[in-house]
Structures are given as structure tokens and as C-alpha cells.
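If you want the building blocks of each chain, they are given just below.
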Number of protein chains: 2
Amino acid sequence: MKLSDDKIKTILRQNGCKATPQRLTIIKEFARSDKFLRPADLYDKLKQDHPDIGMVTVYRVLGLLDRLGLVCKVHAGGDCHSYKINTAEHHHHLLCSNCRTVINFPCDEPDLEELEAKITRETGFTIKTHILEFVGYCPGCK
Amino acid sequence: MKLSDDKIKTILRQNGCKATPQRLTIIKEFARSDKFLRPADLYDKLKQDHPDIGMVTVYRVLGLLDRLGLVCKVHAGGDCHSYKINTAEHHHHLLCSNCRTVINFPCDEPDLEELEAKITRETGFTIKTHILEFVGYCPGCK
DNA sequence: GTAGGTGCAAATCGTTTGCAGTACA
DNA sequence: TGTACTGCAAACGATTTGCACCTAC
């Protein structure tokens with residue numbers, strides 16, 4: 001995920017939010033990582049170079065990104081409440097339970113749609129969305 | 001899920017645990033529900049008829065059931081940390097986001113295995129397990 | 001200039017733990 | 001009888017909130 005200052009500023013302003021230096025710093029640091037992070041993980045990463053940014057602000061920025069649909073929650077592998085930045089289409093996660101790396105893969109499997117159709121037929125449920133995550137070890141951690 | 005007193009007692013004793021009335025009450029109440037419940041939800045259900053049972057005991061029984069593999073966590077729809085009782089094989093969940101009903105469906109889809117194989121081939125990940133949950137509205141809540 | 005954002009400290013929520021008393025096996 | 005279980009209260013960690021100050025626009 002690559003996000004320039006300008007791009008972040010544009011996104012924030014388009015949503016009626018101010019582009020403060022704290023927000024830019026937090027979002028850039030978050031986007032730089034290919035891991036899934038808890039708020040405290042992100043705060044730790046920031047602390048070294050930006051000791052002036054408080055944990056509360058990290059929470060508020062993550063909450064903001066969540067409301068704007070720019071993050072997705074990661075369930076498996078972590079303790080829940082982990083986040084990964086996201087500007088892509090609907091997709092799924094491939095998680096390394098050792099190093100916490102996340103790889104996205106697109107949700108273009110016709111099989112899943114067929115499974116949804118089958119479930120709807122058999123149970124009468126109206127399916128709105130789904131969660132699909134795979135957990136294992138990435139090539140580097142094997 | 002139907003669990004008689006005797007069945008619960010047997011399970012507990014087989015695992016070296018004492019069959020106390022609190023445990024029987026909590027497990028029966030839990031098994032009676034087809035919804036996914038947070039510890040507090042379960043405690044609330046019990047409070048009416050069993051005001052003598054404390055929240056701490058609910059937590060300890062849920063932890064015990066978790067260690068025995070008799071519950072599964074539900075991620076979508078709730079705030080995480082919701083549980084559903086479970087004595088079945090590996091399966092997936094179909095969740096009603098209105099009434100919190102859970103329907104299990106078996107994990108016998110050959111498509112999923114094929115998808116896993118494909119992902120392994122393309123990414124080099126070793127996949128250990130997965131989460132798959134569908135969220136929507138049950139026939140009654142539509 | 002003003003609305004919105006930040007940082008601190010305190011409050012709050014969910015969960016776990018220490019300990020003394022209780023009850024199952 | 002002895003060990004495991006329970007309930008209370010207190011501790012704990014993660015997250016949210018109140019408030020005074022600050023700053024982007």
C-alpha cells in the first residue's frame with residue numbers, strides 16, 4: 001500500500017476532515033506496514049520517531065479510517081481488534097500466524113458465490129456478506 | 001443442541017472436572033440457545049432464575065468449554081468474543097445479524113480445498129486453518 | 001476566527017486474579 | 001477428607017470520555 005501525503009490529504013478533506021500532521025504520520029506509518037496491527041502495535045511503531053503522538057490519537061485515527069472504510073478488521077491469528085489498511089475491493093486475507101504478515105487475495109471465486117447460492121436455497125438465509133480468512137505460515141516463516 | 005444432565009456430567013468427569021450444579025445450569029442454558037452469546041449475554045439469561053451464579057463463574061465455565069473444544073468463537077456480526085456451543089466437526093457459521101441466530105453448515109466443500117491448494121501454489125503459504133462465516137438475515141428476520 | 005483535533009488524566013468496560021469459604025468425589 | 005470450585009472484591013488491560021488548549025482552514 002503506497003499513500004502519498006497529498007493522497008491522504010485529499011481523502012481526509014473529501015470527507016470533511018482536517019489533514020493534521022498527526023493524522024498524516026499515523027496513516028503513513030500504518031500504510032507502510034504489511035502486517036496486521038493492534039492499536040498498541042501501531043503506537044509502538046510511532047513512539048520512536050514521534051513521541052509526541054498520543055495513544056488516544058492513534059485510536060481516534062483508526063476509528064476514523066474505519067468509518068471511512070479504509071481499514072479492515074482481521075479476526076483470525078490475532079486477538080481480534082487488529083487492523084489492516086485497505087483501499088481495495090472486497091477481498092480476503094491470508095495471515096501468517098508467526099510474523100503477522102497479511103496478503104490480500106481477491107474475492108473473485110465463482111465457487112464462493114455458488115456456495116452462497118446453495119446456502120440460501122437450503123436455509124432461506126439472505127446473505128449480505130462473509131468473512132473468509134486463511135491462517136498459516138508465510139514462505140519466510142515456514 | 002440437546003444436552004442432558006447426564007451427558008454433561010459424563011463429559012465433565014471424563015475430563016477430570018467436577019460436575020457442580022452451577023456448571024450444569026450454565027452449560028444447559030448455553031446449549032438451549034441457538035444464538036451466539038457473549039459472556040455477559042449468557043450471564044443475563046441466567047440471572048433471572050439463578051441470581052446466585054456469578055459472572056466470574058460464567059467466564060470460568062466458558063473458558064473450560066473452550067479448552068475442551070466444546071465452543072467455537074463467532075467473529076462476524078457480534079463484537080468478537082461471542083461464543084456458540086458446539087460438539088460437531090469442523091464447520092462454518094451462518095449468522096443472522098438481527099436476532100443473532102447461528103446455523104452451522106458442514107465444511108465439506110471440495111471447492112474450499114481447491115481454493116486452499118490454489119493459494120498455496122500461488123503464494124507459498126502453508127495453510128493450517130481458516131475462518132468462514134456468512135452474515136445476513138435468517139428467514140424469520142427478513 | 002472558529003470548528004474540529006489533540007493530549008492528558010480520569011472514567012469506563014470487559015476480563016482475570018487472590019483469597020477465604022464451600023461442596024463434590 | 002482433600003481438592004477443586006465458587007463468589008466476592010480488587011486488579012488489570014484495553015478503550016473511551018471530559019476538558020482545556022491548539023491549529024488547520
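Just so it is clear, the structure is predicted and the values come from calculations on it, not from any experiment.

**Remarks on the protein's contact with DNA strand D**
Surveying the vicinity of DNA strand D reveals 19 residues, the closest of which are R13(A), Y59(A), D52(B), T57(B) and R60(B). Put simply, 68% of the atoms of DNA strand D that lie within 4 Å of the protein are in sugar or phosphate. A distance of 2.8 Å separates a base oxygen of DNA strand D from a polar atom in the side chain of K18(B). Within the side chain of R60(B), one N or O atom sits 2.6 Å away from a base nitrogen of DNA strand D. Within the residue set of the surface near DNA strand D, elements represented by two or more residues are α4 (55–67) of chain A together with α2 (21–32) and α4 (55–67) of chain B. In terms of residue count, α4(B) provides more of the surface near DNA strand D than any other element does, three residues in total. Grouping the amino acids of the surface near DNA strand D by side-chain chemistry returns eight nonpolar, five polar and six charged.

**Description of the interface of chain A and chain B**
Contacts between the two partners involve 36 residues from chain A and, on the opposite side, 36 residues from chain B. Three residues, F125(A), I131(A) and F134(A), lead the burial of chain A against chain B; their summed loss comes to 20% of the area buried on that side. In this structure, the connection of chain A to chain B is made through zero salt bridges. On inspection of chain A and its partner chain B, the count reaches 12 residue pairs in polar contact (both at pLDDT 80 or more). At the level of secondary structure, the elements contributing two or more residues to the side of chain A that touches chain B comprise β3 (91–96), β4 (102–106), α5 (110–123) and β5 (126–137) of chain A. Counting residues per element, the side of chain A that touches chain B draws most heavily on β5(A), at 12 residues. When its residues are assigned to classes, the side of chain A that touches chain B shows 19 nonpolar, nine polar and eight charged. Pairing between β5(A) and strand β5 (residues 126–137) of chain B: 11 bridges, direction antiparallel. Among the inter-strand pairings, F134(A) is bridged to a residue of β5(B), identified as H130(B).

**Looking at the domain arrangement of chain A**
Frequently, the measure chosen for interface size is the accessible area that the parts lose on association. Residue and element names in this part refer to chain A. Under the domain assignment, chain A is made up of domain 1 (1–86) and domain 2 (89–142). At the junction of the two partners, domain 1 supplies 14 residues and domain 2 supplies 12 residues. Buried area between domain 1 and domain 2, both sides added, is near 1100 Å², and the carbon and sulfur share of it is 57%. Applying the counting rule to domain 1 against domain 2 returns one salt bridge.

**Things to note about the protein's contact with DNA strand C**
Close to DNA strand C lie 19 residues, the nearest being T20(A), D52(A), T57(A), R60(A) and Y59(B). Taken together, the sugar and phosphate atoms account for 69% of what DNA strand C places within 4 Å of the protein. Residue R23(A) places a side-chain N or O atom 2.9 Å away from a phosphate oxygen belonging to DNA strand C. For the surface near DNA strand C, the secondary-structure elements that each account for two or more residues are α2 (21–32) and α4 of chain A together with α4 of chain B.

**Description of the relation of the copies chain A and chain B**
Expressed as a screw operation, the relation of chain A to chain B combines 0.0 Å of axial shift with a rotation of 178 degrees, fitting to an RMSD of 0.3 Å. Within this description, the copies of the chain are treated as partners about a two-fold rotation axis. Proximity to the rotation axis, assessed at the C-alpha, singles out L132(A) in chain A; its C-alpha lies 2.3 Å from the axis. The share of interface residues of chain A whose copies in chain B are also at the interface is 100%, consistent with both copies meeting through the same surface.

**Re the pattern of salt bridges**
Opposite charge on two side chains permits pairing when their charged atoms draw close. Counting across every chain of the model gives 14 salt bridges over all chains. K28(A) is paired through a salt bridge with D5(A); the nearest N and O atoms lie 2.9 Å apart. You can see K28(A) sitting in helix α2 and its partner D5(A) sitting in helix α1 (residues 5–14), a full 23 residues away along the chain. Taking relative accessible area as the criterion, K28(A) reaches 34% and is therefore assigned partly exposed. Classification of D5(A) as partly exposed rests on a relative accessible area of 30%. Of the charged contacts in the structure, one is a salt bridge between D44(B) and K47(B), with a shortest N-O distance of 3.4 Å. Of this pair, D44(B) and K47(B) both sit in helix α3 (residues 39–49), three residues apart, which is roughly one turn of the helix. For D44(B), a relative accessible area of 37% translates into the label partly exposed.

Calculation rules
Numbers given for residues are sequential positions, taken from 1 along each chain in its written order. As they are written, the chains are lettered A onward and the ligands numbered 1 onward, keeping that order. Per-residue local features of the predicted model are confined to residues with pLDDT of at least 70, and side-chain atom pairs are confined, for both listing and counting, to 80 or more; whole-chain, interface and lining totals are unaffected and use all residues. Values shown for side chains rest on all heavy atoms present in the structure; no hydrogens or waters enter the calculation. Nearness here has a simple test: a residue counts as near a molecule or strand if at least one of its heavy atoms is within 4 Å of that partner. Think of a polar contact as two N or O atoms within 3.5 Å of one another; within protein, one of them needs to be a possible hydrogen donor and the other a possible acceptor, and neighboring residues in sequence only count if both atoms come from side chains. Going along the chain from the N terminus, every DSSP run of H or I of four or more residues is numbered as a helix, and every run of E of two or more is numbered as a strand. We call Asp, Glu, Lys and Arg charged. Ala, Val, Leu, Ile, Met, Phe, Trp, Tyr, Cys and Pro are nonpolar, and the rest, Gly among them, are polar. Two residues form a contact once any of their heavy atoms are found within 4.5 Å. Buried area adds together the accessible area that both of two parts lose upon being put together, with accessible area traced by a 1.4 Å probe. Any carboxyl oxygen of Asp or Glu within 4 Å of a side-chain nitrogen of Lys or Arg constitutes a salt bridge here. Only strands that DSSP links by at least two bridges are regarded as paired with each other. Boundary definitions for the domains trace back to an automatic or database domain assignment. Copies are brought into register by a least-squares superposition over C-alpha atoms of residues with pLDDT of at least 70 in both. Only protein chains enter the calculation, and the probe is 1.4 Å; a residue is then buried if its accessible area is under 20% of its type maximum, exposed if over 50%, and partly exposed in between.

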